[in-house]
Amino acid sequence: MWGGRFRTSPDAVMEDINASIDFDRHLFRQDIAASQAHAAMLAKQGIITADDARKIAHGLDTILSEIESGRFKFKRALEDIHMNVESRLAELIGPAAGRLHTARSRNDQVATDLRLWVRATIDSVDQALAGYQRALAEKALEHAATVMPGFTHLQVAQPVTLGHHLLAYVEMAARDRGRFADARKRGNFSPLGAAALAGTAFPLDRAMTAKALGFQAPMANSLDAVSDRDFVLEALAAAAITAVHLSRFAEEIVIWCSPIVGFISLSDRFTTGSSIMPQKRNPDAAELVRAKSGRIVGALEALLIVLKGLPLAYQKDLQEDKEGVMDAFSALTLSIAAMAGMVRDMTADVARMRQAAGTGYSTATDLADWLVRTHKLPFREAHHVTARIVAKAASENVPLDQMPLAAMQAMEKRITKDALAVLSVDASVRSRASYGGTAPKNVRREANRWLKTLAKGQ
């Protein structure tokens, strides 16, 4: 393609480092779609003949069919997806194929292809996240009243419900989807027609190709069009945050599955065994989701480092934008599917969760709140009174809800038997009925709201 300027072939090592076909072959649908739009526009503008445009369109359709059926022969010597397609097009339709590259460069071509790929991938991830949210909301509704310990510092803090805990991840996934939607909107502009870096002298209709490819509009600056990779960075940033959210929940699943904790179990479908210890059931799916977050975060960091010192406009460094993002989104898609599968698969040990919820004097705040509500104590004073009662109960190894009333009254005479009613874990979660709280009625309302929203495709 550029042999007219060179007298000898590149070294084998140069061919290896320069070729991108091993990964950019995944852009074949986008590359062919952009070429179809470009050829149609060239014909409309009278830059190429209608006959050549028809030949090009037919040839591109044939190539698409060959690739999809596995009959296409990719050649590393042709470097990338663009030249592989153009070379095959020449074999199919002859000299007319050479007119397709009029008024464009591989610089705007690859930028267009990658924007189309990222856009399609974002749409796919959004649907996967919606499925994950649906699995969480359904399980949350099932366990709206299942009491479990809530933690701070990984210490038992206050009782919550399993449904409330799961809905927290629904909210996280909603923000993840919002970030992807924002990235999609900002990235949905067409570089096609910017050519190498300066635009072109041909009378293009860039708005036509942008519309044909579903872009909002052409990019306004040709230098920016061929060199910008913000759209990849934003998508990777959204992916990295999503992966961190998935990893946090995966870590909890690993902890909850431990026999020492025993909050949930996973079936054979999402666990593996040991080659030496026959009793083992390992939550490997969760562990691998946790690990894959590193690859996704790493892809973002790698591209940031590639871009940080690049002057305008296109540099070959930008070839490194594709492999990382493709690997990252492959890992993310698999992680979302695995997490949704584990949510649907998990079985909660309701009795074990309930028993654990009452440990560590988790309803102490409920006693302090009772003192505030009933006797109008300042909360700080009620906190100190309750802390002394908890210390006494702990020294005698007695649960707070089983501590004799007389022992409590010895430290605070205003405590009555009515206070004992607030100290059960069930009473505690029922009382947390403020907006966003863990009360079962809140959880049922929020789970149903989310399921209704998701059913609308939102």
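Refer to the structure presented above.
Cut-offs used in this document
- Numbers given to residues run from 1 along each chain, matching the order in which its sequence is written.
- Predicted model: local features are reported for residues with pLDDT of at least 70 only, side-chain atom pairs are reported and counted for 80 or more only, and whole-chain, interface and lining totals are derived from all residues.
- Computation of side-chain values: all heavy atoms of the structure, hydrogens and water removed.
- Secondary structure follows DSSP: runs of H or I at least 4 residues long count as helices, runs of E at least 2 residues long count as strands, and numbering of each begins at the N terminus.
- In this treatment the radius of gyration is a C-alpha quantity, and the globule benchmark scales as 2.2 Å times the residue count to the 0.38 power.
- Think of it in three bands: residues with accessible area under 20% of the maximum for their type are buried, residues over 50% are exposed, and the middle band is partly exposed, with areas taken using a 1.4 Å probe on protein chains only.
- We call two residues contacting when some pair of their heavy atoms lies within 4.5 Å.
- Counted as positive: Lys and Arg. Counted as negative: Asp and Glu, with His and the chain ends omitted from the count.
- To locate a charge, take atom NZ for lysine, CZ for arginine, CG for aspartate or CD for glutamate.
- Like charges within 9 Å and nonpolar side chains (Val, Leu, Ile, Met, Phe, Trp, Tyr) within 5 Å are joined into patches, using only residues over 30% in relative accessible area that form no salt bridge.
- Surface accessibility follows the Shrake-Rupley procedure with a 1.4 Å probe radius. Residue values consider only the protein chains on display as shielding.
- When a carboxyl oxygen of Asp or Glu lies within 4 Å of a side-chain nitrogen of Lys or Arg, that pair is called a salt bridge.
- The criterion for an aromatic pair is that two Phe, Tyr or Trp rings (for Trp, the six-membered ring) have centres within 6.5 Å, with stacked assigned to planes under 30 degrees apart, edge-to-face to planes over 60 apart and tilted to the rest.
- Placement of a charge over a ring requires the Lys NZ or Arg CZ to be within 6 Å of the ring centre, with the centre-to-atom vector within 35 degrees of the ring normal.
- Should DSSP find at least two bridges between two strands, the strands are taken to pair.
- Two N or O atoms form a polar contact when they lie within 3.5 Å of each other; inside protein one atom must be a possible hydrogen donor and the other a possible acceptor, and for residues adjacent in sequence the pair counts only when both atoms belong to side chains.
- The span one expects for a helix is its residue count, reduced by one, times 1.5 Å.
- Directions from the helix axis toward the C-beta atoms define the arc.
- Among buried residues, the Ala, Val, Leu, Ile, Met, Phe, Trp, Tyr and Cys ones that are joined through side-chain atoms within 4.5 Å form a nonpolar core.

Trainee: Would you mind showing me how to read the overall build of the protein here?
Mentor: Helix and strand content of the protein: 19 helices and six strands. In terms of C-alpha radius of gyration, the protein reaches 30 Å, well past the compact-globule figure of 23 Å for 458 residues. Taken along its principal axes, the extent of the C-alpha atoms in the protein is 100 × 55 × 40 Å. Burial analysis of the protein (458 residues in total) assigns 47% to the buried set. Across the protein, every contact between residues at least 6 apart in sequence was considered, and the portion connecting residues at least 24 apart equals 75%. Distance between charge centroids for the protein: 6 Å, based on 57 positive and 51 negative side chains.

Trainee: Can you walk me through a nonpolar patch on the surface in this structure?
Mentor: On the surface, a nonpolar cluster with roughly 260 Å² of combined accessible area is contributed by Leu197, Leu223 and Leu312. Mapped onto the fold, Leu223 is located in helix H9 (residues 222–227).

Trainee: Which parts of the structure should I look at to understand the packing of aromatic side chains?
Mentor: For any pair of aromatic rings, the description consists of the separation of the ring centres together with the inter-plane angle of the planes. Counted under the stated rule, the structure contains six aromatic pairs. Seen in terms of ring centroids, Phe249 and Trp256 are 6.2 Å apart; in terms of plane orientation they differ by 75°. Their pairing is edge-to-face. No difference in accessibility class separates Phe249 from Trp256, as the two residues are buried. Taken together, the ring pairs connect Tyr169, Phe249, Trp256 and Phe263 into an aromatic cluster. The ring of Phe215 is capped by Arg119, whose NZ or CZ atom sits 5.2 Å from the centre of that ring.

Trainee: Looking at this structure, I do not really get the pairing of strand E2 (residues 155–161). What am I missing?
Mentor: Judged from the six bridges that link them, strand E1 (residues 147–152) and E2 form a sheet pairing that is antiparallel. Its bridge partner being in E2, Thr152 is matched across the sheet by Gln155.

Trainee: Just checking my understanding: could you explain the side chain of Asp228 for this structure?
Mentor: One can find Asp228 in the loop between H9 and helix H10 (230–257). With a relative accessible area of 9%, Asp228 lands in the buried category. At 2.5 Å, the side chain of Asp228 and the side chain of Arg115 are in polar contact. Within the structure, the side chain of Asp228 is placed 2.7 Å from the backbone nitrogen of Asp230, a separation counted as a polar contact.

Trainee: In this structure, what is going on with helix H4 (residues 50–69)? I would like to understand it.
Mentor: Look at H4: 29 Å from first C-alpha to last across 20 residues, which is about the 28 Å you get at 1.5 Å a residue. Buried residues of H4: Asp52, Ala53, Ile56, Gly59, Leu60, Ile63, Glu66 and Ile67, and no others. The buried residues of H4 all sit within an arc of 145° when viewed along its axis, so they share a single face. For H4, the exposed residues set more than 90 degrees away from the buried face come down to Arg54 and His58. Those residues of H4 hidden inside the fold are in contact with helix H3 (28–44) and helix H5 (81–93). Phi turns positive one or two residues past the end of H4, at Gly70, with a value near 85°.

Trainee: Would you take a moment to explain unusual backbone geometry for this structure?
Mentor: One can expect most non-glycine residues to show negative phi and most peptide bonds to be in trans. Residue Ala313 is reached from Leu312 by a cis peptide bond, and omega for that bond is 10°. Along the polypeptide, Ala313 turns up in the loop between helix H11 (284–307) and helix H12 (321–345). One non-glycine residue with positive phi stands out, namely Glu79, at about 75°. For Glu79, a relative accessible area of 8% gives the class buried. Notably, Leu154 is not glycine yet its phi reads approximately 60°, a positive angle. When its relative accessible area of 61% is taken as the criterion, Leu154 is described as exposed.

Trainee: Can you help me understand the side chain of Arg104 in this one?
Mentor: Among the structural elements, Arg104 can be located in the loop between H5 and helix H6 (106–142). In this structure Arg104 is buried but unpaired, with Glu86 as the nearest side chain of opposite charge at 4.9 Å. Among the polar contacts made by the side chain of Arg104, one reaches the side chain of Ser35 at a distance of 3.0 Å. In this structure the side chain of Arg104 is engaged in a polar contact, spanning 3.2 Å, whose partner is the side chain of His101. Those residues in contact with Arg104, other than ones at most four positions away along the chain, are Ser35, His38, Gln109 and Ala195.

Trainee: I keep staring at H3 and nothing clicks. Help me out?
Mentor: Owing to its 3.6 residues per turn, the α-helix brings residues three or four apart onto one side. Here H3 spans 24 Å end to end across 17 residues, near enough to the 24 Å set by a 1.5 Å rise per residue. Among all positions in H3, only Phe28, Gln30, Asp31, Ile32, Ala34, Ser35, Ala37, His38, Ala39, Met41 and Leu42 are buried. Check the buried side of H3 and you find it contacts helix H2 (21–24), H4, H5, H6 and helix H8 (206–212).

Trainee: Please explain the environment of Leu454 as it appears in this structure.
Mentor: Relative to the elements of secondary structure, Leu454 occurs in helix H19 (residues 440–455). Sequence separation between Leu454 and Asn188 is 266 residues, and the spatial gap between their C-alpha atoms is 25 Å. Residues within four places of Leu454 in sequence aside, it is in contact with Ala130, Gln133, Arg134 and Arg177.

Trainee: Looking at this model, I keep getting lost on the nonpolar core. Mind explaining?
Mentor: In a soluble, globular protein the nonpolar side chains are often hidden away together inside. Counting residues in hydrophobic clusters, the biggest one holds 94 residues, and the most contacted among them are Tyr132, Phe249, Phe329 and Leu332. No other element matches H10, which puts 15 residues into this core.

Trainee: Even after reading the chapter, I still don't get the pattern of salt bridges, so can you show me in this structure?
Mentor: Pairing between side chains of opposite charge can happen when the charged atoms of each approach one another. As enumerated under the stated definition, the model contains 30 salt bridges in all. For Asp321, the salt bridge goes to Arg229, with nearest N and O atoms at 2.6 Å. With a gap of 92 residues between them, Asp321 in helix H12 and Arg229 in the loop between H9 and H10 connect regions that are remote in the sequence. Residue Asp321 is classed as buried on the basis of its relative accessible area, which comes to 2%. A salt bridge links Asp268 to Arg281; its shortest N-O distance comes to 2.6 Å. In this pair, Asp268 sits in the loop between strand E5 (264–265) and H11 while Arg281 sits in the loop between E5 and H11, placing the two residues 13 residues apart along the sequence. Of the residues examined, Arg281 reaches a relative accessible area of 46% and is grouped as partly exposed. Counted as one network, the salt bridges with shared partners bring together Glu66, Lys75, Arg88 and Glu91.

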